[in-house]
Structures are given as C-alpha cells and as structure tokens.
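Secondary and tertiary structure notes
Spelled out from the first residue to the last, the chains are:
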Amino acid sequence: MDGAGLSDRERRALSAIEDHLRRDRSLDRIMRFTRLRHRVMAAAGLAALTVALLVAASVTVSAPLIWGFAAAWTLTVVAALPLVGGWARRRWQRREQPGRP
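Keep in mind that what you see is a predicted model, and the values were worked out from it rather than measured.

It is worth spelling out the overall build of the protein at this point. Each helix and strand in the protein was counted, giving 3 helices and 0 strands. The order of α-helices and β-strands along the protein, N terminus first, is α-α-α. Rg of the C-alpha trace for the protein: 23 Å, well past the compact-globule value of 13 Å for 101 residues, more than 25% over. Based on the C-alpha atoms only, the size of the protein along its principal axes is roughly 65 × 55 × 15 Å. Of the roughly 8,600 Å² of accessible surface on the protein, 64% is carried by carbon and sulfur atoms. Distance between charge centroids for the protein: 14 Å, based on 17 positive and 8 negative side chains.

So, in structure tokens, the structure goes:
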C-alpha cells in the first residue's frame, strides 16, 4: 500500500467485519469483563498503596507521607466509586426483575 488509504472494496469489507464484531454478544461480554477486571485491579492496587502510605504516615508522622496518603486516598475513591456504583446498579436491576425471589 502506498499510503493512499483503503480502497472502496477494502472499506466495505472492513465495515462488514466491524458490524459482525459489534453484533457478537460473547465477544462484547469478554471485552467488558476484561476492562472491568483491569479497573478492579487498578483500584485494588491503589487501595494497597493507600494502606501502606497510611501506615507509614502514622508511624513516622511525616508531612510528605501524610500528603501522599491524602492524594492516594482521593485517587482510590475516584477509581472505586464507579465500580461500586455499577455493582449496586446491577444488584438493583436484578432485584427489580419479575419472577426472581
């Protein structure tokens, strides 16, 4: 390819492939789960860092460690709130489904 872009035939083929992938429910579920797992792991890592900074700041009473803890705590809350909100929304929707105990 000389850098001119895709031909009309190639664009149509690519569009058909993209449409097929968008309709694939199992692929969509896998991709959503993978993104969710990465977000959960990031929030868990931030939580571990926050706890370590809390312990270090409590033991040493160092101003930079206290500020580091405050920053890490803020990032942890910002990362965890959407995850907790999504979890609560899914639980609420399951509860609202008719026919479920």
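Alright, that's what it looks like, and here's the rest.
Relative to each other, helix α2 (residues 25-60) and helix α3 (residues 63-96) sit at 155°, their axes nearing to 8 Å. The pairing of α2 with α3 is recorded here as roughly antiparallel in orientation. The chirality of how α2 crosses α3 is left-handed. For the contact of α2 with α3, a count of residues per class yields 19 nonpolar, 4 polar and 1 charged.

Further remarks concern the side chain of Thr50. Among the structural elements, Thr50 can be located in helix α2. A distance of 2.9 Å separates the side chain of Thr50 from the side chain of Thr76, its partner in a polar contact. Ignoring any residue separated from it by four or fewer positions in sequence, one finds Thr50 in contact with Phe69, Ala72, Trp73 and Thr76.

Another aspect to go through is the pattern of salt bridges. The full count for this structure, using the stated rule, is 3 salt bridges. Of the charged contacts, one joins Glu18 and Arg22 as a salt bridge, the two residues approaching to 3.9 Å between their closest N and O atoms. In this pair, Glu18 and Arg22 are both assigned in helix α1 (residues 8-23), 4 residues apart and thus about one turn of the helix distant. A relative accessible area of 60% means that Arg22 is categorised as exposed. Sharing partners across several salt bridges, the network here consists of Glu18, Asp19 and Arg22.

Over its 34 residues, α3 runs 48 Å from end to end, which matches the ideal 50 Å to within 8%, given 1.5 Å per residue. In α3, a bend of some 30° at Ala80 exceeds every other bend along the element, and Pro82, a proline, comes one to four places later. Those residues of α3 that sit buried are Ala72, Thr76, Leu83 and Gly86. Where α3 is buried, its residues contact α2.

Quick notes on the rules
- Residues numbered from 1 in each chain as written.
- Predicted model: local features only at pLDDT ≥ 70, side-chain atom pairs only at ≥ 80, totals over all residues.
- Heavy atoms only, no water.
- Helix = DSSP H or I, 4+ residues; strand = E, 2+ residues; numbered from the N terminus.
- Rg over C-alpha atoms; globule rule 2.2 N^0.38 Å.
- Areas by Shrake-Rupley, 256 points an atom, 1.4 Å probe, with all protein chains shown as cover.
- Lys, Arg positive; Asp, Glu negative; His and termini not counted.
- Charge placed at Lys NZ, Arg CZ, Asp CG, Glu CD.
- Axes fitted to C-alpha atoms, helices over the stretch in contact; angles between N-to-C directions.
- Parallel < 35°, antiparallel > 145°, perpendicular 65-115°, else oblique.
- Left-handed = near helix turned anticlockwise from the far one by under 90°.
- Nonpolar A, V, L, I, M, F, W, Y, C, P; charged D, E, K, R; others polar.
- Polar contact = N/O pair within 3.5 Å; in protein donor to acceptor, adjacent residues only side chain to side chain.
- Contact = heavy atoms within 4.5 Å.
- Salt bridge = Lys/Arg side-chain N within 4 Å of Asp/Glu carboxyl O.
- Buried < 20%, exposed > 50% of the residue type's maximum accessible area, 1.4 Å probe, protein only.
- Expected span 1.5 Å × (residues − 1).
- Bend = angle between axes of the 7 residues up to and from the residue.

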